Amino acid sequence: MKPLLLIVALLATAAPAQTPPVQTPPALTPTGEAIMARMKAIPQDRSVEGVEAYTPTETVAGAARPHSIPRASPRSVGIDPFAIEKAQAWADQQQSFALLIARNGKLVHERYADGFTPENRYVTASMHKAVVALAYGIAVADGKISLDDPLGKHLTEYAAHPMGKITIRQLLDMTSGLQPAPAAPGDPEAGFMALMFAPDIRLASQRYVQAVPPGTTFGYANVSTQLAGMALEAAIGERYSGWLSRRLWAPMGAGDAAVWMDRENGNPHYFCCLLATPRDWLRVGELMRNDGIVGRTRVLPEGWVRTITSPSAKNPNFGMNIWRGSPHDPQRGYGLGVALKVPAKAPFARDDVYYVDGAGGQRVYVVPSEGLTIIRIGKPAAAWDDSALVNLVLEGIKK
């Protein structure tokens with residue numbers, strides 16, 4: 001069985017299974033043809049930086065004047081500059097496009113690979129999931145939706161369906177128990193292929209089945225966040241892109257971003273592909289580090305960041321679409337049939353690290369005890385070591 005976690009950066013090598021040579025492959029339906037064409041349009045060697053291939057999109061308008069980020073030297077905020085350079089050297093080995101490091105709200109390091117600038121936006125895969133989790137705090141505080149609401153309350157197609165009993169909390173903490181329905185080998189309308197590339201991912205989401213009872217087992221699944229996002233849009237009663245701009249992205253002081261759609265005026269990909277700059281991902285990390293406050297303005301409800309970064313019942317290394325560094329897991333897994341493992345060879349040097357995970361080493365690391373936020377965006381790194389970059393920076397901070 002293929003992993004449920006879609007690694008966007010490796011799509012070109014994750015071709016669907018082939019039918020046995022003695023059989024004649026079934027003719028593709030128009031939807032299947034559209035899925036295959038869209039998949040092939042993603043450039044194999046530019047899946048992160050090739051934002052032009054991810055169409056159509058809807059703009060998430062930022063602030064009229066994005067907030068400036070104060071700057072300081074590493075030494076002035078208590079970081080040995082040599083530690084920063086070691087971290088940069090390691091990031092360079094991983095073919096990074098951008099590395100940003102901030103301490104106590106001040107940007108102490110910002111470096112881009114040749115050919116890239118602060119204005120470049122990237123496709124950072126599942127990092128969008130964390131933004132959905134942040135957005136939920138606003139909608140919950142507004143009384144639009146509750147973490148304990150069943151999915152069927154907000155999506156009518158699930159009102160009388162067993163999946164409709166899955167709660168929003170179970171979608172966000174990845175205990176929905178959903179897996180793709182059985183399908184013929186090579187069927188592009190099955191599983192993650194359809195969820196990623198179908199012209200109607202709302203329909204594609206319905207091709208999942210209850211593999212285990214909800215709330216019983218951790219199982220990272222893109223469909224969980226997709227369903228949570230669709231329920232969110234239904235609850236707020238307006239387009240996600242406009243609401244996100246007005247309630248989170250612009251108040252955060254970010255620049256313009258974009259969400260990847262399945263079609264014009266269709267459904268956003270909530271589980272992936274928010275096109276944004278490294279500086280705006282730094283703003284996301286800083287928003288979390290400061291408990292939802294930007295400057296003197298509270299953007300998120302008090303305590304919401306603690307809610308989504310606290311350990312969930314079925315996985316102490318996962319909250320709600322946010323990963324946790326402690327307890328140490330040297331081979332972090334995604335559960336429920338997912339073969340992929342991400343190493344953290346050494347324990348994180350602080351026990352309060354949490355992070356936003358995008359496939360192939362796209363990361364927002366936050367270390368509240370040290371006032372640190374670290375952003376890495378780059379080529380998908382198959383041998384990414386989650387604790388290495390953070391620990392290299394922390395080596396430069398004396399306890």
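One can find the structure itself at the top, above this paragraph.
Per chain, residues are indexed from 1 in the order of the written sequence. Thresholds applied to this predicted model are a pLDDT of at least 70 for local features of residues and 80 or more for the giving and counting of side-chain atom pairs; totals over whole chains, interfaces and linings are not thresholded and use all residues. The side-chain numbers reported here are obtained from all heavy atoms of the structure, hydrogens and water having been left aside.

Peer 1: Got a minute to help me understand the packing of helix α3 (residues 127-141) against helix α7 (residues 222-236) in this structure?
Peer 2: Packed helix pairs are specified by the crossing angle of their axes together with the interaxial distance, meaning the distance between the axes. Axis definition: a line fitted to C-alpha atoms, over the contacting stretch in the case of helices. Angles run 0 to 180 degrees between N-to-C directions. We count a stretch as a helix when DSSP gives it H or I for four or more residues in a row; a strand needs E for two or more, and each element gets its number in order from the N terminus. It is at 11 Å that the axes of α3 and α7 come closest, and there the two elements cross at 30 degrees. Here the hand of the crossing between α3 and α7 comes out left-handed. Seen from α3, the contacting residues are K129, V132, A135, Y136 and A139; seen from α7, they are N222, T225, A228, A231, L232 and I236. Under the convention adopted here, Pro, Cys and the residues Ala, Val, Leu, Ile, Met, Phe, Trp and Tyr are nonpolar, Asp, Glu, Lys and Arg are charged, and Gly plus all remaining residues are polar. When grouped by side-chain class, the residues that make up the contact of α3 with α7 number eight nonpolar, two polar and one charged. Should the near helix be turned anticlockwise from the far one by less than a right angle, the crossing is left-handed, and should it be turned clockwise, the crossing is right-handed. In what follows, residue pairs with any heavy atoms lying within 4.5 Å of each other are defined as contacts.

Peer 1: What should I look at first to understand empty space enclosed by the protein in this one?
Peer 2: By rolling a water-sized probe across the atoms, one finds the places where empty space is left. Buriedness for pockets is judged along seven lines, at least five of which must meet protein on both sides within 12 Å for an open set on the 1 Å grid over protein atoms alone, while cavities are sets there where a 1.4 Å probe fits but cannot get out, and lining residues have an atom within 4 Å of a point. Grid points are joined across faces, edges and corners, and a volume is the space filled by probe spheres set on the points. Going through the model one piece at a time under the given rule, you end up with four cavities of 30 Å³ or more. Estimates place the volume of the largest cavity at around 60 Å³. Contributing to the lining of the largest cavity are N317, R324, G325, P327, H328, D329, R332, A344, F348 and Y355. The residue inventory of the lining of the largest cavity, partitioned by class, reads four nonpolar, three polar and three charged.

Peer 1: Any chance you could explain helix α1 (residues 30-40) here in plain terms?
Peer 2: Every α-helix winds through 3.6 residues per turn, so residues three or four apart in the chain are directed the same way. For α1, the full list of buried residues reads G32, I35, M36, R38 and M39. End-on, the buried residues of α1 take up no more than an arc of 165 degrees, which puts them together on one face. Across from the buried face of α1, at angles greater than 90 degrees, the exposed residues are P30 and K40. Contacts from the buried residues of α1 go to α5 (191-197) and β7 (257-260). Buried residues are those whose accessible area, probed at 1.4 Å on protein chains only, stays under 20% of the maximum for their type, while exposed residues exceed 50% and partly exposed ones sit between those limits. Directions pointing from the helix axis toward each C-beta atom define the arc.

Peer 1: In this structure, what is going on with the state of the cysteines? I would like to understand it.
Peer 2: Among covalent bonds in proteins, the disulfide is the one between the sulfur atoms of two cysteines. Pairs of cysteine sulfur atoms within 2.5 Å are identified as disulfides in what follows. A complete count under the given rule lists one disulfide for this structure. Here C272 engages in a disulfide with C273; their sulfurs sit 2.1 Å apart. Disulfide C272 to C273: torsion about the S-S bond roughly -85 degrees, handedness left-handed. For the pair shown, C272 and C273 are each scored as buried.

Peer 1: Sorry if this is basic, but what is going on with the sheet that holds strand β2 (residues 96-103) here?
Peer 2: At least two bridges found by DSSP between two strands is the condition for calling them paired. Taking strand neighbours across the sheet as the criterion, the six strands line up as β3-β2-β16-β15-β14-β11 in an open arrangement whose pairing is antiparallel. Since the sheet does not close on itself, it has two edges, and those belong to β3 (106-112) and β11 (323-324), each with one partner. Examined bridge by bridge, β2 and β3 share six bridges and lie antiparallel to one another. Within the sheet, the bridge partner assigned to L99 lies in β3 and is R111.

Peer 1: Teacher, can you tell me more about the packing of aromatic side chains here?
Peer 2: The geometry of an aromatic ring pair comes down to the distance between the two centres and the angle between the two planes. In this scheme Phe, Tyr and Trp rings, the latter by its six-membered ring, pair at centre separations within 6.5 Å, and the angle between planes marks the pair as stacked below 30 degrees, edge-to-face above 60, and tilted otherwise. With the rule as written, the count across this model stands at 17 aromatic pairs. Both rings, one in W90 and one in W384, keep their centres 4.9 Å apart while their planes meet at 65 degrees; by these two values the pair is edge-to-face. Residue W90 is located in helix α2 (residues 81-93), and its partner W384 is located in the loop between β16 (372-378) and α11 (386-394); the two are separated by 294 residues in the primary sequence. The same class applies to W90 and to W384, which are both buried. Look at W249 and W281: their rings are 6.5 Å apart centre to centre, the planes differ by 80 degrees, and that puts the pair in the edge-to-face class. With W249 in helix α8 (residues 240-249) and W281 in helix α9 (residues 278-289), this pair connects stretches of sequence that are 32 residues apart. An identical accessibility class is assigned to W249 and W281; each is buried. Geometrically, a lysine NZ or arginine CZ counts as sitting over a ring once it is within 6 Å of the ring centre and also within 35 degrees of the ring normal. Just above the ring of W323 sits the side chain of R332; from NZ or CZ to the centre is 4.2 Å.

Peer 1: Please explain the side chain of S205 as it appears in this structure.
Peer 2: For S205, the location among the structural elements is in the loop between α6 (201-204) and β6 (208-210). Residues in contact with S205, not counting those within four places in the same chain, are Y158, M163, L195, V223, Q226, L227 and M230.

Peer 1: Help me out: how do you make sense of the environment of G396 in this one?
Peer 2: Assignment of secondary structure puts G396 in the segment after α11. The residues contacting G396, other than those within four sequence positions of it, are G78, I79, D80 and A83.

Peer 1: What should I look at first to understand unusual backbone geometry in this one?
Peer 2: Residues apart from glycine generally show negative phi values, whereas peptide bonds are mostly found in trans. A cis amide bond, omega -5 degrees, links T55 with the succeeding residue P56. Tracing the sequence through the fold places P56 in the loop between α1 and β1 (57-60). The omega angle of the peptide bond from S326 to P327 is 0 degrees, so this bond is cis rather than trans. Positionally, P327 belongs in the loop between β11 and β12 (331-333). With a phi angle near 55 degrees, A125 is a residue other than glycine that sits in the positive phi range. Tracing the sequence through the fold places A125 in the loop between β4 (122-123) and α3. Positioned with a positive phi, L336 is a non-glycine residue whose angle comes to about 50 degrees. Within the secondary structure, L336 is located in the loop between β12 and β13 (341-343). For L336, a relative accessible area of 18% translates into the label buried.

Peer 1: Explain the pairing of strand β15 (residues 362-367) to me, please; I cannot follow it from the model alone.
Peer 2: The side chains of a regular strand alternate between both faces of the sheet. Counting buried positions over the six residues of β15 gives six, a clear majority of the element. By the alternation rule, side chains of β15 split into Q362, V364 and V366 and R363, Y365 and V367, which are all buried. By the bridge criterion, five bridges tie strand β14 (residues 354-358) to β15 in an arrangement that is antiparallel. By the bridge assignment, G358 is partnered in β15 with Q362. A loop of three residues connects β14 with β15, the two strands running antiparallel in sequence, and G360 in this loop sits at a positive phi of about 75 degrees. Of the strand pairs in this sheet, β15 and β16 are connected by five bridges, and their pairing is antiparallel. In the sheet register, V367 faces β16, and the bridge partner there is L372. Counting the residues between successive antiparallel strands, the hairpin from β15 to β16 contains four residues, one of them, G371, with a positive phi of roughly 65 degrees.

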